[in-house]
Structures are given as structure tokens and as C-alpha cells.
Amino acid sequence: MVASPYIAARFPAETKERFAVAARRQGISESTLLKRLVDAALMTAEPTIRSEPEAVEPVALSGKISVRLRSDDLLLLRERAENRQMPTATYVSLLIRSHLRRLAPLPTQELMALKRSIAEVGAVGRNLNVIAHAVNRGEPAEGPTKADLLAVLRALSGLRDHTKAVIRANLESWELGYAKAGD
């Protein structure tokens, strides 16, 4: 017979005796009392330690569920899905996943806009790098003037600020349940 794994700890003799008395009062062994205490501690631990929850009711293989909404809630839901330019069911799915997993999802269109912005910043950076290398080699600096470079710097700062605002608005919209006007 293979022995089960065990947990061990050392305590002062007085603590060990008090534990034994507590087990006897409950009419159980010290081992059983310890198992119960460990199980209770694990149940109150962080959710990541817990095993997957058991289904309360049978789960459809398709993963589909039906939900009844009040008509005014359905109108708001459709409006918000439309504002994010996605189907209502997809928006509901993202909302539920966001709530259950504590995520702040970035819808595809917003993600693509951010990726395009990053690509543009990368292209500007590469062009500036070519100019900087030419200047460092002592080649005549043909290209943007100092004023041009300052304008590019202002544009990049604006893009950075706008990107931060988009991300902040996205996070807030998932936390608050709606996007602010103009987002």
C-alpha cells in the first residue's frame, strides 16, 4: 500500500496537548482534526488555489445560454455593442468574461487602432534613426529641420497621450459598464 503525502509541523508540547484535547472533545483523531482544519483553510484561500467549480446545473456542450433582459436593458446593451461596433452577443460574451475573469478586454477594432498607432510610431522612429546615423557619420544633414523635428516630437507626444487615453477609457468602460461620450 502506498502512503499518502502528509503535512508536518513542529509545535511546543503544550500546543500539541491542547490540539489532542480539542480532537478528543470532538470525538475524532488528531489527524482528522488536522485534515479538517487544512481543508477549511484552503477553502478560504485565494480563488486561484481552489479547484474548478462544479457545475450547479448541466452545461450545454455548445456553451450557449439564454438570458431574459428588460426591454430598457436590452436597448442599452444594443447601443453599447453598436458603439463598440460589435454584435450584441459578442459584446455580452466579452462582458461576462470580463466580469468572471476580472479582465479588461480590448475589442478588436480598438486593438487594431492601437496596433496601427504603434506601427506608425515605429516607422517614425526608424526614419529618425536613419537621420541620426547620417548626422553621427558627419554627413550633411539633409532632411528635417529642427522645427520639423520639434513638430514630430509634439505629434508623438500627442499620440502617446491619445493612446493612454484610449486605454484608460477602455478600462473605465469595462469597469463602469459604458463608454464615455466621444470614446
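Give a detailed account of a nonpolar patch on the surface, specifying residues and quantitative values.
A contiguous nonpolar patch, built from I65, V67, L69, I96 and L100 and spanning about 520 Å² of accessible area, is present on the exposed surface. For L100, the position within the fold is in helix α4 (residues 88-101). Residue class for L100 comes out exposed when judged on its relative accessible area of 62%.

Residues and numbers for helix α1 (residues 13-26), please.
Taking 1.5 Å per residue as the helical rise, α1 with its 14 residues ought to reach 20 Å, and the 20 Å between its terminal C-alpha atoms agrees with that figure. Phi turns positive one or two residues past the end of α1, at G27, with a value near 75°.

Could you give an account of the packing of α1 against helix α2 (residues 30-43), with specific residues and numbers?
Running from N to C, α1 and α2 point in directions that differ by 95°, and their axes come no closer than 9 Å. As the angle between them shows, α1 and α2 are arranged roughly perpendicular. In this structure, α1 uses K16, F19, A20, A22, A23 and Q26 to contact α2, whose residues at the interface are E30, L33, L34, R36 and L37.

Report on the pattern of salt bridges, specifying residues and quantitative values.
Tallied over the full model, the rule gives 4 salt bridges. Measuring nitrogen to oxygen at the nearest pair gives 3.4 Å for the salt bridge that ties E17 to R24. A salt bridge links D72 to R70; the nearest nitrogen and oxygen atoms lie 3.3 Å apart.

Break down the packing of helix α3 (residues 71-83) against α4 for me, with residues and values.
Two elements in contact, α3 and α4, have axes separated by 9 Å at closest approach and are oriented at 95°. The angle between the axes of α3 and α4 places the two elements in the roughly perpendicular class. Contact residues: α3 offers L77, R78, R80 and A81, while α4 offers T88, Y91, V92 and L95. For the contact of α3 with α4, the residue count by class is 5 nonpolar, 1 polar and 2 charged.

Give a detailed account of the confidence of the model for the protein, specifying residues and quantitative values.
When pLDDT is low, close inspection of the predicted coordinates is not appropriate. Mean pLDDT over the protein works out to 77, with 80% of the residues at or above the 70 mark. Per-element confidence in the protein ranges from a low mean pLDDT of 76 for helix α6 (residues 146-176) to a high of 90 for α1.

Talk me through the side chain of T163; I want residue IDs and the actual numbers.
Residue position: T163 is located in helix α6. When residues no more than four places from it in sequence are discounted, the contact partners of T163 are L114 and S117.

Conventions we followed
Residues numbered from 1 in each chain as written. Predicted model: local features only at pLDDT ≥ 70, side-chain atom pairs only at ≥ 80, totals over all residues. Heavy atoms only, no water. Patch = residues over 30% accessible without salt bridge, like charges linked within 9 Å, V, L, I, M, F, W, Y side chains within 5 Å. Areas by Shrake-Rupley, 256 points an atom, 1.4 Å probe, with all protein chains shown as cover. Salt bridge = Lys/Arg side-chain N within 4 Å of Asp/Glu carboxyl O. Helix = DSSP H or I, 4+ residues; strand = E, 2+ residues; numbered from the N terminus. Buried < 20%, exposed > 50% of the residue type's maximum accessible area, 1.4 Å probe, protein only. Expected span 1.5 Å × (residues − 1). Axes fitted to C-alpha atoms, helices over the stretch in contact; angles between N-to-C directions. Parallel < 35°, antiparallel > 145°, perpendicular 65-115°, else oblique. Contact = heavy atoms within 4.5 Å. Nonpolar A, V, L, I, M, F, W, Y, C, P; charged D, E, K, R; others polar. pLDDT = per-residue confidence, 0-100.

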